[in-house]
Each structure stands twice: as C-alpha cells, then as structure tokens.
Amino acid sequence: MSGNKFQFAIDRGGTFTDIYARCPGGKVRVMKLLSEDPLRYADAPREGIRRIMEQELKESFPIRDPLDTSKIDFIRMGTTVATNALLERKGERMALVITEGFSDLLFIGNQSRPKIFDLKIELPEVLYEEVVEVSERVIPHQDRCEMNIKSSIMQGDTNEKLLVWKQLDETKLAKDLRQIYNKGIRSLAVVLLHSYTYPEHENRIGVIAKKMGFTQISLSSQVMPMVKVVPRGFTACVDAYLTPCIKTYLENFKAGFDKNLSKINLLFMQSDGGLTPINKFNGSRAILSGPAGGVVGYGVTTYNKIDKIPVIGFDMGGTSTDVSRYDGNYEHVFETTTAGVTIQAPQLDINTVAAGGGSMLFYRSGLFVVGPESAGANPGPTCYKKGGPLTVTDANLCLGRLLPEFFPKIFGEREDEPLDYHKTRLAFKDLTKLVNRFMASQNNKHADYSIEDVAMGYIKVANEAMCRPIRALTQAKGHDASKHILACFGGAGGQHACSIARMLGMSNVFIHRYSGILSAYGMALADVVHEAQEPCACAYTKANLNHIDTRIDFLVKKCRNELSKQGFSKDNIRFETYLNMRYERTDCSLMCAPTSIHSVDKNALNVSMFGDFLTTFNKRYKTEFGFDIPDRPIMVDDVRVRGIGFLEHVDTGPSESSSQSSIDKPRSVTVTNCYFEGGTRRTPVYQLDSLISHHVITGPALIINNNSTILIEPECVARITDDGNIDITVNIGQRKQVSDELDAIQLSIFSHRFMSIAEQMGRVLQRTAISTNIKERLDFSCALFGPDGGLVSNAPHIPVHLGAMQEAVKYQLKVLGSQMKHGDSILSNHPCAGGSHLPDLTVITPVFAPNHKEPIFFLANRGHHADIGGSTPGSMPPNSNHIQQEGAVFKSFMLVQDGVFREREVTEQLMEPRKYPGCSGTRNLHDNLADLRAQVASNRKGIGLVLDLIASYGLNVVQAYMKHIQDNAEVAVRQLLKQVAQGNAAESGTSNCVLYGEDRMDDGSKIKLAVKIGYEHGTAEFDFTGTSPMVANNLNAPRAICYSAIIYCLRSLVGHDIPLNQGCLTPIVITIPKWSLLDPEENAAVVGGNVTTSQRIVDVIMQAFQACAASQGCMNNVTFGDETVGYYETVAGGAGAGPSWHGQSGVHSHMTNTRITDPEILELRYPCILNCFHLKLGTGGRGKYRGGDGILREIIFRKDMLLSVLTERRIFAPYGLQGGEPAKVGSNLLVKANGGPIVNLGGKNSIKVSAGDLFRLQTPGGGGYGPPPESSVEVKRKARAKRRRISVEDDSILSHVNRGSVYDFISQAEAH
C-alpha cells in the first residue's frame, strides 16, 4: 500500500451512495450522497471521490474534467445497478435462444404463483423480448430404455452418457438469429437442455452469433454449468440482461477519470462477498453487490475467533431489512429467487424482508399492521412533508427517538426544511381516534389509547415482524437465535436493535462506529475472489475419489492462474474446495468444505487428498435435518473451488476519538423526552464522535452518529470499545405483565407469535423429514389449535388444508375425549375424521398443563406421503370406487402412547391395504416411518414454543389471545360480508342478498350453491342444497374440503392478510346435503375430490360472488411408472380473468400450487423424454379481460409402463363472467408409437403404454371477463402482453425485493 495515496471503498445503493476513504496520512473520511442527483453531478461515486480529494488536498478538481488519479491507490465498489435494472426491468434488450418445443419454459418456470390468495396473479415480466427455438436435442442415455434410438453414445463433461437425438440445424438457426439481429437486439441468452454436461451445441451457437455481430452472448453452460435447465436458463438471461448495463455503467464511471482508471486497482464486490476485477464483473453475480459488503463488514469486525460466538447481521434501511448470519464462515446459497427470477450463482445468504423505516402503518379490522408497502423516498414518511403516509420512521419521531435538530434540512417540497414532528403527531392523532373508536365498538369499557401508546404499538409490531425472519434463519439450520450477537447497521436499525435483541433473548448488541456505511467499509475489508465450478454427477465412493481429486486439482490450477494474472503471489493465494453433495433420490444438496485430516490413513477411508468431505456432509446433514440415511449412496453434483487473493486491508484499529480512554462520565449534548413502556423518560443525548474508549452509558439514552440514531433502551448498558465501537449489554429482564383483556397492540403481537409457532413447526418438519414430498416439495401444513379444537394459526402453506385440520382435531376431541393423555399423539387421515384424502396423514398432539385434566391446546400437522398402499403406486388411483383402494386408513390411531412411538402397530396398519383385491400395502415403509417421526418432532417443537409463550405471559393470557385472534378473523369476514351485501343492495335495490353459483363436473354431477348474506350482522349461509348425490367414482369431496374451499375464498375476497383460523367461519353457516357429492358416506372413494372437486367448489363460490371467471378447475394429475419406478406430477393451466385484470397463463390456481419437476431432472431420473412444454395460445377465454392460456405438454415413454390420468374440465369448459367467453377445455391424448393411432384417454384413465408412445396433455385455460373487444388488433396486443407476463393496464414495478433462504422456503411452502 502507498501511505500517501487515497483508498476508497464505495457502496452505490439505490437511494444513497456511501463512501469510506482513507486519506494520505491515515485520516478517515466518510461521506453519504444521493445516488441520483443529476442537477449537481453525473455520478455519485465519482463525485464523492472528487469532493474528498478536493477537501483534503486543498486543490480544485473541476467537476467536468477527468479526475486526476495520481493520488489514488485503489477503488473498491459495490453497486445496485444490476439489482435496480432487474427490479425495474430496465436491462438490455435481449432474446432467448432455447431448445425447440420449450419456447415458454422460462415463462412457466416452476408453474407456481407467488401469492396463493391473490386472484389477480401477478408475475414479474420475463427478461427476454424475443424467442428463437433451436432445432436440436440431447437426451440422457438410459440402459433401461426400450426405444430404438439411432444415435451414438456421447460422454458429457460429468461422465454421464448422452445421446444426440437431433443434430443442431445451423441453417435454420442462422436465419432466425438474423431476424433477431435486424430488430436491433444484440444480447442473447442461450439455454439448451442438458448443456450443463454437453455444451457443444451452445458453444457452436455462440460462434455463429458472434460472427453475426451479437455483442453479449451468455451461454448457460458457461454462466453456471449446473443441472436444472430452468434456474440455469434464468441465470443466463440475467447475465445477458444485466451485463451490458453493468458494462455501460462501468465505462461511464471510468470516463470520469484520467486514463480511464487504467493505472488504478479498481475492484467490484460480487454477490458471494469477494472482490473481482472490472473485466470479470458480470450481471449474474452482481445482484447482491452492495449488501454483500455489509456481511463482510460485520463478519470481520464483530466475530471473535477466540470465543466464536456466531453473529446475526441486522441491516435495517428505509424500505427493507437484510438479515444474515456469520459463524467464522460465510454462508452461501447457490439457487435463490430475486425479483421473480431464480438465479444459480454463489450468493451470500442475505434474507431481505419488506420491513424498514419507510414501512407504512395500517389499522385493519382491529389489527396493527406494518408494511409490506413502503412510502419510499418520495413521498416518504409523513414527516418528510410531501404528503406521505405514516411509517415506522414517523412512529420513532412521535416517541422522541428521532430528533429533527440532528437531521439535515432536506425535506419539504423545496427540500430545505427539517423533519416535521407536528405533521406526524397530527396524523397519529387521527389514527388514534380511529383505533379508539373501533376498540370501543368491541368493548365499551376499553380505556382509550394515547397517541404515544399507538405509536409504541406500531414499533412493537414492527419489531416482532423483523424477529420472525431471524428466528426462521437460525431455526432452519438448527441454531438457537439467543446464542448469537446482534450486529446492527444501516440507517434505521439502531432505533430497534435493543428491543429486537431482548425479544430474541440475545444479551449482546454490537454497533460498529461505521454502522451507517458498513457496506462501504466492508468493501475495504474484502479480498479478491475467483471461483471455478463444474458439474460432476458421480457417487462419492472410494472408486471415484481419484476422478474427484483430479477435477478439484484442475479447478485449483484454474483459479491460481487467474489470480496470478492479477498480480497475486503464491503466498497471498489460498483455496477453499467444496463438493455439492446430496443423498441419492433427494434434491436437498449441501455445499461441503472438507474437514481437515492429520493422522488419517487416506487409503483406508473415503478421504480425498483435499480433506474429508464425507464427515462434513454427514455432520451438516445431521445438524440441519436431524437425521442421516445410512444405506443410501451420496452423490456429488458439482465440484467448486474458491480462490482467494489476499489484499492489504485498511486498518480496523481505533478511531481518532477512541485512541484515548477515560474513566470520566461521558457528557451529553442535550436531554430529551423519549416514550418507553411505562411512560415518558428523560433521555440524555450523546454524540458518538465525543465518546471515547471505556465510556459507559446507561439507558435510556440516544447516541447520534453521522448517519444514524442509536437508542439505548432502559436496563441496557452501552460501552465504548477500544476501537470506538458500541457494545451494548441487553438485560433480558422480566416481561411486562399483560392482561387477558383485549388489547389491539398485544393482539397484533400475538398474531405474529402464533404464526411464528406454526412456521417454526414447519421448519422442523421440513428439516427432519426424509421424503421428497415433505423435504423438497414442502407438501405439508402445521397449525396451532385452542382447547376446543378451533384453529388459532395456520402457516398458509396449502389451501386445501385450510380449515380441514380443524375438523380433524375436533373429531378426536369428540371421539377420544378424556382418553387422550400427556405424551400421546394421534394419527388420522379418514375423510369422516376431517381428512382430505388418504395420503395426507395428520398427526395431532394434545398438550396438558400441571393440574389440568383437559388439554390446554393442540398442535397438528398434515403431510402428504408419497405412498400408503392401495391399488396403484402413489395412492392416487384414477378409477377407485371404494376408500380401501386408496391406501391405509386411520381414524383415531394412537401413533405415540405415553411417549412411545408405536412402530410395529403403525407398520401393520400401513400394510393393511394388501388384504383387499388388487391392492398393496405401503410401497415405501421406510419413508413413511421417518416422516411420521418428523411430524411428531414438529409437534414437540410447537409444544416447547407454546410453553415458552405461556411461561412469559401466563396460560390465561395465551388462551385469551387465542380467542381474541379468532374473534379478529371473524370481524374481518363480517366486514367483507357487509360490504358485499351493501354493494348488492345498491345494484339490485333490495335488501335481500342471495348469491347463486352452479357448475358441473365432467360426469354431469352438479355443484349448486346459494349464499344468503345477512347485512345487519355480516353473516352468511353457504347452502349447497341441490348438489348431486355422491358418485360411484372418486370425485366425492369430504366436508372438510368444503370448509377449506370456503376459508380460501373468504381470505381471497378480503384482499389483505387476516389471521387464518376458526374465526373466519364463525359468521358462516354451511349447509351440505347428507350423502351428496360434498358429504359422502365414510367408505366412498375421495382421492379425486381432493384434487379436482375442490377446484370446482372454488369456481362455484367465485361465480356466486362474481369475483373472477373460472380458472382451469383442475390439477391435471399425471402418474406413470411400473414396479421399479413411479412419477407423479400436477400440471398448471390458465387462471380466470377478473373485473380489472387478465388471467395469468401457465400457472396453478386456487387450491393447489405444486411446483413441477425440472425437465432435466425428469429425464435423468425417469424413463421418459419431455418432447415439449409450452403455452397453448388461444385456450384462454376471450373478453374485455382475457383468461389465461393453458399448457401443452408431451411426454414420450422410453419403456413399457402404466399411465394414469386424473383430470377435469375435459367436457364442461371453464366459464366466463359478465359477457366473457369460456376457455377451451383440456384433453388427454395418447399417440401410439411408430405411426400408430391417436387415442383419446378421456378425463380419467389408467392404461398400459409402450416404449415410444407419446402422451399429449393439453390443460384448460381460464375464462374471460366482460364482453370481448371487437378489435382484433386489441386482442392480439393483449395476447402478446399476456405471454410476456405483463399486464397491459399495469406498469407498476416492485418497491422492494424479498430474497434469501428464508424467503425461498416460505415461497416454496406457499407454492403448493
């Protein structure tokens, strides 16, 4: 390092640019500028550098002249240019080049919708503008294949055997690319099936495109050579879409300096926390460029290598909060979703949630609600004086925790005024009146809240909302949140850190002196990283170790060469090696570094020359998932090497003010009044710059930093460290006594706590389960129930489970009653006992308290088991007519008795179906037992969490708030029903409000509904009188499914988050004719009722409320296999249009949201070829708003198997509404091999298929809404917009981005 030169580390954020500068002589300067201020400067990072150099050198550097770089040592920078371009869809115009038949593959994605209760399904716009379908096809070679495929066997880069089924048609390709080029597009993403292991076709396309003049060609096999074509394709698109933007920005940035910065060490932060030279900085690895600096910053400055206490990073900004974890190693994820795009690339596991200083405050149906909507920077919070809403920032200002005199005068229309305390207080005064008026309507004895009470209530609710992702992040990997340090940074976090630490049981908060610019500071502490990765696809065995070591060594040399080119000596380079490992037949892989080995006989064990990867995998798998699978092979999917070039870091030693120490008391600059629980307290205010080492500050106090305000709460003590940082000891203390009387603030907090219990139960179930259905597809739900069996909270995973589990718990209460004892768990799946269909096994655990003979509450979870016996593999027979054909039956089976898991007895019951003709017992007993144990463990986790809650608040209070939260859901539903009745009265002129709906199943069975709404009290009767009798097939739907459908519809119609519990049905009377289609006798077959009739019930309810046209009304269940293999999938279709929106295409709707298997995984694991998978344009119903289109999916079978289909809407089309036209029906066709006939399979069938047969599935579309436009031009315009996932009327963009492993888990959980 040159000591007489400037060193700059910069974080260019979306709103502000933070600059850390170490000046000649060692002086440190920090600066914060608006990232966009075109009237003052063209580029914020360059302007910050210019100002600091001008001020420090006392020289003039004209703003329009290239900046002199002779005094600059290095510039390190992170930027949100890529993230913002992705969020706002302002990247480079690009085209997608993809295998023929898969033009809509990335449009469809995994076919799930992001928000299960949104009738208007909004999906981010795809990145590409045009699609080129390439005539070529590579398929895996399979020894079991019985087709006569004339192709030589090729060996891929992973040693997998492949067949080139169709050679690349270069003539057609060149013609199609020329058309794209003539449209002005110069950027391409090339995505071919199986190119991760056979990249030759992609490489050839790259050569042809480059000769043609395309300037950005992102080959998926080079961008990220990992299996799974959908995320790999998204990643290639991101690269093609963003890299040109980054290059343009970088060129403009360099142009502001002399010699284009050619003599300066210019490095950029990547998403993985490593720096990289400017020429290697690309779009797919730039998404977390800014936030990654913050993780490096707190990791280096907070984590102590001696005591090794792990750290939670808490970065709270204006719009969102970033949460991450560091335990001496950076935690990376390799597939995550950002702005609706799944990206395969190493990224730090930074979980972003929509809760920040700008999060808006709402009062809905008696609940305090914070976010997720944000006021942003413009108009900003109310106190910004631009007409903005109340936000968390306003609440802090109202409570005296923010002081306007310490803020710059940059607010108001002319941006020259201070924060406006009076506007904020007036707005809170109006909100307080609203809250008190509502509370008085519920309880006339309720004491009025003060303005401060309400503001404090919103702070508490915001804090609880931010605790949930921290609990989830730690729980997900088997860690205890309380055993961490909370590292707080960002502009808004200091006001909340003490409270959040206390709520999580943390005793220590650490705030760095540069916490306001820690992301920039982290850039100065980071190292250069070059990563190399390649697919492997082999088992981790002694026989394969030589091959694995050879590949690792190759990548090590590759990384060493790259870092050597950048000037790093051998002594300044180290390597981290990883294997991406998983158990065979699972999708849950772990990126494992080796355990170091010393005196181990490498020849005697499965140990690589680079270390013991197997021990690491076994230990991590056991820690994260709670079990191992001893007899199952372990596969290596990828080999990865992370080469690290060590840089000279800036000094992290004492600041100027802290280089001294003092035993004197610190001096406050003023004293203010702050509101805390218990009232207003006099609170001294300190300037951080005036505090020196060993100063001790006892709360309450405020510490003002250059860019943030830090609140030291009562009973907390802050100490200034030798380095000038703030180390806060938090006294967990006793929780304030809470009454069992209804309190709106506590109601909102308990709502979060109850939901958090259900979510954490889900994390335990997902961690400890073994089956793909539960562990990867997350086909389960967890819930908490009151002592009467009424649902209290249900994490909204699966719509068809909503409300149904409540019936299961109440059934056990009625049947078993006092027979239930402490240590018992009951297993149930029978439809008459609240079951949905037999594969969904429900485990119910009663909980007892000392001196209570009756259960004080219940916990339950329901998980889908892949097989429980019956007439067909998968326990989903399309032609069943008796429940025994559908698998093992449990009504009130004691799974755990007196704490003992009854394995022998449950095994006997699971094998029971073999007694029936044509049926088998369970075909996967091992997974059944493992998942049942996981379900029991999930309930035990819930017991512990609720008992913790009771220990904090008392049993009476917890049970009281169980009832209060149910009452709150009731209020929300009553308000909805009153609004519906009022609207109906205005339209019809009569006070009688009766809504009608009717539809038919394909067999002619009718579902008839009359909804009779009482306006005065907000009640309704859902009367299904007139519905057809139960049927002799399996379309019968148990009553519990009706309950689930009604709760789902009510929640969707409310339009905003409400507690999902028993209260939703309190104002509802449900009338179902006995032994009808919707209330069959107990031995009736029901498997089709769960997956098809449930959808039709929703369509009928939506028709009655005129909410939206019919969606595809089906889950399109497809099963194929034989005695050695079995596969099951559900396939998406079109969604119905609504009063102001087009229906979405190629997406699951209503009662399901199952993700579909990636095409490459499908072809690798199962004897089939996916011939095509794309939208079937024109299948959506025409209308003012068009219905969504269905899907065409073709599967070729490679051996003789049994194909089963269980589908609907093959005869009766999905209806349109208000003059909208119906959608096209679906179809199931079998095209026989070798030019044989085409056979219509009908909606439900099981048929033997032969090698070479092709199954053609066309799924239904969604109905249209409103009369169709007469102009065909308008129709075509809307059709194009629909295909590109963009609403013609809606140009809005995302205001924030949720991301990280927690968000991905919740998305997957809701995606079913």
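Our subject is the structure that appears above.
Here's what I pulled together on the structure shown here. As the structure is a computational prediction, the values presented were derived from the model and not from experiment.

1. Some details on the overall build of the chain
Across its full length, the chain holds 26 helices and 55 strands. A compact globule built from 1312 residues should have a C-alpha radius of gyration of about 34 Å, and the chain, at 31 Å, falls within 12% of that. Along the first, second and third principal axes, the C-alpha set of the chain runs to 90 × 80 × 75 Å. For the chain, the residues scored as buried account for 63% of the 1312 residues in total.

2. Brief notes about the nonpolar core
Judged by nonpolar contacts, the single largest core of 121 residues is most densely connected at Phe8, Ile49, Ile75, Phe1120, Phe1197, Leu1203 and Phe1255. Setting aside chain neighbours within four positions, we find Leu1203 in contact with Val1118, Thr1119, Phe1120, Phe1197, Leu1230, Leu1241, Asn1245, Ser1246, Ile1247, Val1249 and Phe1255. If you look at the next biggest cluster of nonpolar residues, it comprises 65 residues, including Leu1065, Ile1097, Met1115 and Leu1217.

3. Here we look at the environment of His512
Looking at where His512 falls in the secondary structure, it is placed in the loop between β24 (508-511) and α13 (518-525). Relative accessible area serves as the criterion here: at 4%, His512 is assigned to the buried category. When the C-alpha atoms of His512 and Pro1067 are compared, they prove to be 53 Å apart, with 555 residues separating the residues in sequence. Look past the residues within four positions of His512 in its chain and what remains in contact with it is Thr301, Leu518, Tyr521 and Asn725.

4. What about the pattern of salt bridges?
Counted by the stated rule, this structure contains 57 salt bridges. Lys1199 serves as the salt-bridge partner of Asp1122, at 2.8 Å between the closest nitrogen and oxygen. With Asp1122 in the loop between β47 (1117-1121) and β48 (1126-1130) and Lys1199 in the loop between β50 (1190-1197) and β51 (1201-1206), this pair connects stretches of sequence that are 77 residues apart. In this pair, the class of Asp1122 matches that of Lys1199, namely buried. One salt-bridge network, in which partners are shared between bridges, spans Asp272, Glu531, Arg574, Glu576, Arg640 and Arg642.

5. What about α13?
Across the 8 residues that make up α13, a large majority, 8, are buried. Of the positions making up α13, those classed as buried are Leu518, Ser519, Ala520, Tyr521, Gly522, Met523, Ala524 and Leu525.

6. Let's talk about the sheet that holds β51
Backbone hydrogen bonds are what pair the strands of a sheet, in a parallel or an antiparallel way. One open sheet holds the 4 strands; their spatial order is β48-β47-β51-β54, and the pairing between them is antiparallel. Each end of this open sheet is capped by a strand with a single partner; those strands are β48 and β54 (1244-1249). With strand direction ignored, the average angle separating the axes of adjacent strands in the sheet is 10°. Relative to β51, β47 is paired through 5 bridges, and the arrangement is antiparallel. Pairing of Phe1120 across the sheet is with Leu1203, part of β51. The sheet contacts of helix α23 (residues 1087-1104) involve β47, β48 and β51, and relative to β51 the element is tilted by about 50°.

7. Quick look at the sheet that holds strand β29 (residues 670-676)
Across the sheet, which stays open at both edges, the 4 strands sit in the order β29-β30-β32-β33 with mixed pairing between neighbours. Of all strands in the sheet, those bounded by a partner on one side alone are β29 and β33 (709-712). Averaged over neighbouring strand pairs, the angle between their axes works out to 30° when direction is ignored. With 4 bridges connecting them, strand β32 (residues 701-704) and β33 associate as antiparallel partners. Residue pairing in the sheet places Leu702 in a bridge with Leu711 of β33.

8. Observations concerning empty space enclosed by the protein
Under the counting rule described, the total for this entry stands at 11 cavities of 30 Å³ or more. The calculated volume of the second largest cavity comes to roughly 70 Å³. Of the residues belonging to the lining of the second largest cavity, the class tally is 7 nonpolar, 1 polar and 3 charged.

9. Some thoughts on the packing of helix α16 (residues 744-768) against helix α20 (residues 925-953)
Between α16 and α20, whose axes approach to 8 Å, the crossing angle comes to 155°. The orientation of α16 relative to α20 falls into the category roughly antiparallel. Once α16 is placed against α20, the crossing between them reads as right-handed. Classifying every residue of the contact of α16 with α20 gives 13 nonpolar, 8 polar and 3 charged.

10. Topic: the side chain of His695
For His695, the position within the fold is in the loop between β30 (679-687) and β31 (696-698). At 3.0 Å, the side chain of His695 and the backbone nitrogen of Ile692 are in polar contact.

11. Examining the pairing of strand β12 (residues 265-269)
Successive side chains on a regular strand alternate, one facing one side of the sheet and the next facing the other. A large share of β12 lies buried, amounting to 4 of its 5 residues. For strand β4 (residues 72-79) and β12, the ladder comprises 4 bridges, and the chain directions are parallel. Each bridged residue has a counterpart across the sheet, and for Arg76 the counterpart in β12 is Leu267. Of the strand pairs in this sheet, β12 and strand β13 (residues 275-277) are connected by 3 bridges, and their pairing is antiparallel. The residue of β13 that forms the bridge with Met269 is Leu275.

The rules behind these values
Residues numbered from 1 in each chain as written. Predicted model: local features only at pLDDT ≥ 70, side-chain atom pairs only at ≥ 80, totals over all residues. Heavy atoms only, no water. Helix = DSSP H or I, 4+ residues; strand = E, 2+ residues; numbered from the N terminus. Rg over C-alpha atoms; globule rule 2.2 N^0.38 Å. Buried < 20%, exposed > 50% of the residue type's maximum accessible area, 1.4 Å probe, protein only. Core = buried A, V, L, I, M, F, W, Y, C linked by side-chain atoms within 4.5 Å. Contact = heavy atoms within 4.5 Å. Salt bridge = Lys/Arg side-chain N within 4 Å of Asp/Glu carboxyl O. Pairing = 2+ DSSP bridges. Axes fitted to C-alpha atoms, helices over the stretch in contact; angles between N-to-C directions. 1 Å grid on protein atoms, 1.4 Å probe; cavity = no way out; pocket = protein on both sides within 12 Å on 5 of 7 lines; lining within 4 Å. Points joined across faces, edges and corners; volume = space filled by probe spheres on them. Nonpolar A, V, L, I, M, F, W, Y, C, P; charged D, E, K, R; others polar. Parallel < 35°, antiparallel > 145°, perpendicular 65-115°, else oblique. Left-handed = near helix turned anticlockwise from the far one by under 90°. Polar contact = N/O pair within 3.5 Å; in protein donor to acceptor, adjacent residues only side chain to side chain.

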